[in-house]
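This is what each chain is made of:
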Amino acid sequence: MLPVVAFGLAFFCLTLWCAVAVARIRELPAWRRFLPLALFLIAAGASLLRAFHIPEVANAIAFPLNLAVVVLSLREIRIRRQHGQEGHRTAQEGNGA
C-alpha cells in the first residue's frame, strides 16, 4: 500500500509542478498557459469526490486529466526549450563564435 501512495503523491507533485511551470511561461497565449492548471484543478476536484463516496467520477476522470496535464505541460516546456536553444545558436552565429 505504501508504494502506491508514494507513487500517487509523486505523480501529484509532478502534475502540479508541470502545470505551474507552464503557467509561468509568459510567451504563451493565456489559454495555453492556464489550460494545464485548469485541467489539474478539475482533476483535483474529481479526486475530492471520493471523500463524498462518489469514486466512479474520480476513477473515470481524475487520472486521465492528470495524464493530459503532464503530456501538455511537457510538450509546452520542450517547445520553449527548443526555441531558446535556437535563439542561443543564432546569437552565437551572429557573434562569430
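For clarity, every value in this text was computed on a predicted model and none was experimentally measured.

How each quantity is defined
- Numbering of residues starts from 1 in every chain and runs along the sequence as written.
- Residue-level local features of this predicted model are given only where pLDDT is at least 70; pairs of side-chain atoms are given and counted only at 80 or more, and the full residue set underlies all totals for whole chains, interfaces and linings.
- Values shown for side chains rest on all heavy atoms present in the structure; no hydrogens or waters enter the calculation.
- Think of it this way: any DSSP run of H or I at least four residues long counts as a helix, any run of E at least two long counts as a strand, and we number them from the N terminus.
- Burial classes follow relative accessibility: with a 1.4 Å probe on protein chains only, a residue under 20% of its type's maximum area counts as buried, one over 50% as exposed, and anything between as partly exposed.
- Whether two residues are in contact is decided by their heavy atoms: any pair within 4.5 Å suffices.
- Surface accessibility in these figures is a Shrake-Rupley result with a 1.4 Å probe; residues are shielded only by whichever protein chains are displayed.
- Pairing of aromatic rings covers Phe, Tyr and the six-membered ring of Trp, with a centre-to-centre limit of 6.5 Å; geometry is then stacked below 30 degrees between planes, edge-to-face above 60, and tilted otherwise.
- Axis geometry follows a simple rule: fit a line to the C-alpha atoms, using only the stretch in contact for helices, then measure angles between N-to-C directions, giving values from 0 to 180 degrees.
- With respect to orientation, any angle under 35 degrees is reported as roughly parallel, any angle over 145 as roughly antiparallel, any angle of 65 to 115 as roughly perpendicular, and every other angle as oblique.
- Handedness of each helix crossing follows the sense of rotation of the near helix against the far helix: counterclockwise by less than a right angle gives left-handed, clockwise gives right-handed.
- Nonpolar residues are Ala, Val, Leu, Ile, Met, Phe, Trp, Tyr, Cys and Pro. Charged residues are Asp, Glu, Lys and Arg, and all others, Gly as well, are polar.
- Within this scheme, the nonpolar core is defined by two criteria: the residues are buried Ala, Val, Leu, Ile, Met, Phe, Trp, Tyr or Cys, and they are joined through side-chain atoms within 4.5 Å.

(A) Structural view of the overall build of the chain. Assigned secondary structure in the chain consists of 3 helices and 0 strands. Going from N to C terminus, the chain has its helices and strands arranged as α-α-α. Taking all 97 residues of the chain together, 24% fall into the buried category. Across the chain, every contact between residues at least 6 apart in sequence was considered, and the portion connecting residues at least 24 apart equals 59%. Split by element, the accessible area of the chain, about 7000 Å² in all, is 68% carbon and sulfur.

(B) Structural view of the packing of aromatic side chains. Summed over all chains, the structure comprises 3 aromatic pairs. The interplanar angle of 35 degrees and the centroid separation of 5.5 Å between the aromatic rings of F11 and F63 together place this pair among those described as tilted. You can see F11 sitting in helix α1 (residues 2-23) and its partner F63 sitting in helix α3 (residues 55-95), a full 52 residues away along the chain. Residue classification places F11 among the buried positions, given a relative accessible area of 15%. Aromatic pair F12 and F40: ring centres 5.4 Å apart, planes at 45 degrees, arrangement tilted. You can see F12 sitting in helix α1 and its partner F40 sitting in helix α2 (residues 30-48), a full 28 residues away along the chain. Relative accessible area serves as the criterion here: at 42%, F12 is assigned to the partly exposed category. You can call F40 buried: its relative accessible area is 6%. Here a set of aromatic residues connected by ring pairs shows up, and it is made of F7, F11 and F63.

(C) Just the packing of α1 against α2, in detail. Close contact between α1 and α2 brings their axes to 7 Å; oriented N to C, the two are set at 155 degrees. Considering their axes alone, α1 and α2 lie roughly antiparallel with respect to each other. With respect to the hand of their crossing, α1 and α2 are arranged in left-handed fashion. Note on element contacts: α2 touches α1 through R32, R33, F34, P36, L37 and F40, opposite F12, T15, L16, A19, V22 and A23. Across the contact of α1 with α2, the residue classes tally to 9 nonpolar, 1 polar and 2 charged.

(D) Examining the nonpolar core more closely. Counting residues in hydrophobic clusters, the biggest one holds 6 residues: A19, L39, F40, A43, L65 and V69. At the level of elements, α2 and α3 are the ones that each hand at least two residues to this core. Those residues in contact with V69 that sit more than four places away from it in its chain are T15, A19, P36, L39 and F40.

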